Amino acid sequence: MNLAQTIDVKFYSTPASGNVLPLLFEIRHGLARWLETGEQTVIDLGHIPLAPGEEELIEATLGKGEVYAQLKVLGSSVIIETTIPGAWLVTHYNNDDEIMGKYVEVTDIPSILKSQQADMQQGLEELDRHLTKVANLQ
Amino acid sequence: MKQTSTLGDNLNNLGISRRAFVKFCAATGSMMALPPMLWPQLVQALENARRPSVIWLSFQECTGCSESLTRSHSPTVEGLIFDSISLDYHHTLQAASGAAAEAARLQAMEENFGKYLVVVDGSIPLGNSGFSTIAGISNLDMLMETVKGAAAVISIGTCASFGGIAHASPNPTGAVGVMELVKDKPIINVSGCPPIPMVITGVLSHYLAFNSLPDLDHLHRPKAFYGHSIHDRCYRRSYYDKGQFAESFDDEGAKKGWCLYKLGCKGPTTYNACATLKWNQGVSFPIESGHPCLGCSEPDFWDKGSFYAAQSTTQWGTGETLATAAVAGVAVGTANAIIARRRKKQAQQKEPES
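Residues numbered from 1 in each chain as written. Chains lettered and ligands numbered in written order. Predicted model: local features only at pLDDT ≥ 70, side-chain atom pairs only at ≥ 80, totals over all residues.

### Some points on the overall build of chain A
Part 1: When helices and strands are tallied, chain A shows 3 helices and 5 strands.
Part 2: Seen in sequence order, chain A has helices and strands lined up from the N terminus as α-β-α-β-β-β-β-α.
Part 3: Once local pairs closer than 6 in sequence are excluded, the contacts in chain A between residues at least 24 apart make up 48%. (Helix = DSSP H or I, 4+ residues; strand = E, 2+ residues; numbered from the N terminus. Contact = placed C-beta atoms within 7 Å.)

### What about the packing of helix α2 (residues 18–31) of chain B against helix α3 (residues 39–47) of chain B?
All names here are of chain B.
Part 1: Axis separation between α2 and α3 bottoms out at 9 Å; the angle between their running directions is 115°. Our classification of the angle between α2 and α3 gives roughly perpendicular. Pair α2 / α3 crosses with right-handed handedness. In this structure, α2 contributes F21, V22, C25, A26, T28 and G29 to the contact, and α3 contributes W39, L42, V43 and L46.
Part 2: In terms of residue class, the contact of α2 with α3 is made up of 8 nonpolar, 2 polar and no charged. (Axes fitted to C-alpha atoms, helices over the stretch in contact; angles between N-to-C directions. Parallel < 35°, antiparallel > 145°, perpendicular 65-115°, else oblique. Left-handed = near helix turned anticlockwise from the far one by under 90°. Nonpolar A, V, L, I, M, F, W, Y, C, P; charged D, E, K, R; others polar.)

### Overview of the sheet that holds strand β5 (residues 99–106) of chain A
Picture the strands of a sheet paired through backbone hydrogen bonds; they go either parallel or antiparallel.
Residues and elements named next belong to chain A.
Part 1: The 5 strands are arranged β1-β5-β4-β3-β2 in an open sheet whose pairing can be described as antiparallel. Looking at strand neighbours, the two that pair on one side only are β1 (41–44) and β2 (68–72), the edges of this open sheet. Strand-to-strand twist of the sheet, defined as the mean angle between neighbouring strand axes without regard to direction, takes the value 20°.
Part 2: Here helix α1 (residues 20–37) sits on the sheet in contact with β1, β4 (87–93) and β5, set at roughly 50° to β5. (Pairing = 2+ DSSP bridges.)

### With respect to helix α7 (residues 139–147) of chain B
Part 1: N139, M142, L143, T146 and V147 of chain B are the residues of α7 of chain B that are buried. Each buried residue of α7 of chain B lies within a common arc of 115° when the element is viewed along its axis, so the set occupies one face. (Buried ≥ 20, exposed ≤ 12 C-beta atoms within 10 Å, placed from the backbone. Arc of directions from axis to C-beta.)

### What to know about the interface of chain A and chain B
Part 1: Contact with chain A, which involves 27 residues of that partner, is made by 28 residues of chain B.
Part 2: Among the secondary structure elements, those contributing two or more residues to the side of chain A that touches chain B are β1, β5 and α3 (117–137) of chain A.
Part 3: A per-class count over the side of chain A that touches chain B returns 14 nonpolar, 10 polar and 3 charged.

### Brief notes about the nonpolar core
Part 1: Of all hydrophobic cores here, the largest spans 107 residues; its most connected members are I55, V118, V120 and V199 of chain B.
Part 2: Excluding its chain neighbours within four sequence positions, the residues that come into contact with V199 of chain B are V190, F225, A273 and L277 of chain B. (Core = buried A, V, L, I, M, F, W, Y, C linked by C-beta atoms within 7 Å.)

### Comments concerning the pairing of β4 of chain A
Residues and elements named next belong to chain A.
Part 1: Judged by how many residues are buried, β4 sits mostly within the fold: 6 of 7 residues are covered.
Part 2: One ladder, built from 5 bridges, connects strand β3 (residues 76–81) with β4; its direction is antiparallel. For V78, the partnering residue across the bridge sits in β4 and is T91.
Part 3: Linking β3 back to β4 in an antiparallel pair, the connection comprises 5 residues, with G86 at a positive phi of about 95°.
Part 4: As paired elements, β4 and β5 share 7 bridges and run antiparallel to each other. Counted as the bridge partner of W88 is E105 from β5.
Part 5: As consecutive antiparallel partners, β4 and β5 are separated by 5 residues, and within that stretch D97 has a phi angle of approximately 65°, a positive value.

### A word on the sheet that holds strand β9 (residues 187–190) of chain B
All names here are of chain B.
Part 1: Taken together, the 5 strands give an open sheet; going across it, the order is β2-β1-β3-β7-β9, and neighbouring strands pair in parallel fashion. Of all strands in the sheet, those with a lone pairing partner are β2 (86–90) and β9, marking the two edges. Neighbour-to-neighbour, the strand axes of the sheet open up by a mean angle of 20°, direction not taken into account.
Part 2: In this sheet, β2 lies alongside strand β1 (residues 53–58) in parallel orientation, the contact comprising 4 bridges. Its bridge partner lying in β2, I55 is registered against Y89.
Part 3: With respect to the sheet, helix α6 (residues 98–111) is in contact with β1, β2 and β3 (116–121), its orientation differing from that of β2 by roughly 135°.

### Remarks on unusual backbone geometry
Residue and element names in this part refer to chain B.
Part 1: At the junction of S169 and P170, the peptide bond is cis and its omega measures out at 10° in the coordinates.
Part 2: Within the secondary structure layout, P170 lies in the loop between α9 (164–167) and β8 (175–176).
Part 3: A cis amide bond, omega -5°, links C193 with the succeeding residue P194.
Part 4: Assignment of secondary structure puts P194 in the loop between β9 and α10 (197–210).
Part 5: Residue A135 is not a glycine yet carries a positive backbone phi of 50°.
Part 6: On the neighbour-count criterion, A135 (12 C-beta atoms within 10 Å) is exposed.
Part 7: Unlike most non-glycine residues, H220 shows phi in positive territory, near 65°.
Part 8: Structurally, H220 can be placed in the loop between α10 and α11 (223–226).

What follows is the structure, given as structure tokens:
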């Protein structure tokens, strides 16, 4: 793991909003809580006052880890596991590529990546229909 | 349009997957300022939500509020308007006009009596009914007729909430906000000039999901968005606390991004969500762009002195009003002194008799 080796620690002492370090601590507490109880944490970055450049500082600190996933659903969504395993950066875009929301999720896998039961049921029915059609041809 | 299908039914018919719906709900939950842990409940609530009929009335306004709404980016307002609510009357957006448009309004009222939402932007003139009319109907008559069967009234913008610029001194049209006139219906004020688009859609989404009004402050504004002052949520707050202020728009302090309080920022007395939700697809908000907050979501913000004078000075007014106040103060003081002397004299004259 290479946590933000390129970030000079002096950046964190710049006054601005003062919310960067507390947010990193919140992620740290979220990780500890998940390991202890399995309870996930979601931090909505859109509701935290951040000065220009601070969101980028948080993202640079967390870095990009082993997983990068892109969804194509109502516009795209980008899900990145950061260099801190279990801390995910989830960004939802709309059809115009505007950001609809950006979150840090502390969990083993973000729920949006999991297959949804209703979709699986629909998939099952569709596959059944196809197989029936094939069977009828033989 | 009658309330029949649910939002879940509509999205299903459109071929929207469950995962897409979960994403839609995450964006909506964020927009409603709901804690992320409540988002799964929101999914359930929105799935079963029935499309409310919405009648949108535009009175003395500049169309800025509707412009703001149509720039709401998450989820797309088109989706919200056409899939989640039944916008049965909005004379700026609808194709119909004249008698056909009014017929649509009356039909929506009749079919959804007691259940529809009335959204108002713009103030209502009381001075002369001819100041502002739609299809020959005065704004006051149209408002009072339409709210009769409404479940709730949402005032969009500072004009509909508090009278806005039309209400500013000398208020030539006798403009007032909706809550001055409507006393027997729940009212939500979404103030701002214009309001943040996500706040407009957030309030509509809350009603859609929970079929109830959100918690409101003393000015009937939803606490989720108006519960904190701009100052409390401003990223420049730490400079204020340290006493680091920009003294002019081009000094070192301004360049370093210090607090704009001395340049007239009304952030400390203004309640809104600009500092977190921001504007232009979340790019920035006035203070981030180097301009003080004008306080546009507060009542009578037009009449509170210069936008560029610190609050500590504007509360005393301009030089002219200060001089007038001083003259008036001297006059009142003199009059009081005369009255006091007269009373004393009368009391002294009465004393021997008692």
